[in-house]
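# Analysis of the macromolecular model
If you want the building blocks of each chain, they are given just below.
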Amino acid sequence: MATRVDSAPKIGDSKDLLAGKTAVVTGAGRGIGKAIATAFSQAGACSVIVVRERTSGEKLARVLQDQGLKADFAVADVTDAAQISMLVLDIIQRYPVIDILVNNAGIFLDEDRAMRPSEVDPLVLQRTLDVNLFGPIRVCNAFVPYIVKGGRIINVSSTMGQFAGAADGHGPAYSISKAALNMYTQLLSADLREGPIMVDSFHPGWVKTDMGGPQARVEPHDAARTALFLASRPLSDKTGLFWRDCEVIDW
């Protein structure tokens, strides 16, 4: 059952909500990540757009900068530990402290969409976990020492990894990866609670992106609303939770 914890800001009214903060967003060259980075910059943060391909990050950063917003970019593949090590060194040279870290990079493979739970291909599962679970773990391991007290870690998850309710058997590798990501969110939250650093995950909805497909119903900028809420809500001991539409849901 959903439980509202704090009032959620409207993106249109968010100017200066994150003023002076630095936010690192992985997988931010398109889709949900792009929308989150844009919303954060519109709220006054400097969004560091992390992408695998330089062109997409450079393009988005330039677009935001041309609007008078703060944005930068960096290049790394979250499946490559060496690249993540170089990424954190690169970013910290430019921004000594990080206020917000968003683990958005993710995949939902075509092979997984067609795969039955009774016929899981371990290689498809491994590829999915490498991005959707081990990716956030690698990124958090690298960045946590540089996240300020009162900072936020936000993991983009999915209700496909939700234990509450009935599963439909679709996308077993993706579902397993997101269920594991939610548990990692809880564990990391407990570990960093005394920091204090708040750690939460959220379901953005069925979003109109390359992953979501043409039948999706949620616009990317609407999906970013919960991320903005989690990045800006008052410091609280209510963390390690799973969110949807700025409300806590069972996972």
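Note: the structure precedes this text.
Residues numbered from 1 in each chain as written. Predicted model: local features only at pLDDT ≥ 70, side-chain atom pairs only at ≥ 80, totals over all residues. Heavy atoms only, no water.

Scanning the protein from terminus to terminus reveals eight helices and nine strands. By residue count, 49% of the 251 residues in the protein fall in the buried class. Once local pairs closer than 6 in sequence are excluded, the contacts in the protein between residues at least 24 apart make up 72%. About 12,000 Å² of surface is accessible on the protein, with carbon and sulfur atoms providing 52% of the total. (Helix = DSSP H or I, 4+ residues; strand = E, 2+ residues; numbered from the N terminus. Buried < 20%, exposed > 50% of the residue type's maximum accessible area, 1.4 Å probe, protein only. Contact = heavy atoms within 4.5 Å. Areas by Shrake-Rupley, 256 points an atom, 1.4 Å probe, with all protein chains shown as cover.)

Most of strand β6 (residues 147-156) sits out of view: seven of its 10 residues are buried. Bridge count for strand β5 (residues 98-103) against β6 is five bridges, and the pairing is parallel. Across the sheet, asparagine 103 pairs through a bridge with asparagine 155, a residue of β6. In this structure, β6 lies alongside strand β7 (residues 198-203), joined through five bridges in parallel fashion. Within the sheet, the bridge partner assigned to arginine 152 lies in β7 and is methionine 198. For the crossover that starts at β6, traverses helix α7 (residues 172-192) and ends in the parallel β7, the hand is right-handed. (Pairing = 2+ DSSP bridges. Right-handed = clockwise from strand over helix to strand, strands pointing away.)

Take the layout of surface pockets next. Roughly 350 Å³ of internal volume is contained in the second largest pocket. Lining the second largest pocket are 17 residues; nearest its centre among them are Thr159, Met160, Ala167, Asp168 and Ser175. In terms of residue class, the lining of the second largest pocket is built from nine nonpolar, seven polar and one charged. (1 Å grid on protein atoms, 1.4 Å probe; cavity = no way out; pocket = protein on both sides within 12 Å on 5 of 7 lines; lining within 4 Å. Points joined across faces, edges and corners; volume = space filled by probe spheres on them. Nonpolar A, V, L, I, M, F, W, Y, C, P; charged D, E, K, R; others polar.)

Opposite charge on two side chains allows them to pair when their charged atoms are near. Per the counting criterion, the structure on display carries eight salt bridges. Notably, a salt bridge pairs aspartate 110 with arginine 113, separated by 3.9 Å at the nearest N-O pair. Here aspartate 110 and its partner arginine 113 are both found in helix α4 (residues 110-113), three residues apart, which amounts to about one turn of the helix. Note on aspartate 110: relative accessible area 62%, which makes it exposed. Note on arginine 113: relative accessible area 30%, which makes it partly exposed. Residue aspartate 200 is joined to arginine 233 by a salt bridge in which the shortest nitrogen-to-oxygen separation is 3.3 Å. A residue pair is termed long-range when its members are at least 10 positions apart, and aspartate 200 in strand β7 and arginine 233 in the loop between α8 (220-232) and β8 (242-244) qualify at 33 residues. For aspartate 200, a relative accessible area of 3% translates into the label buried. Salt bridges sharing partners connect three or more residues here, namely Asp72, Asp90 and Arg94. (Salt bridge = Lys/Arg side-chain N within 4 Å of Asp/Glu carboxyl O.)

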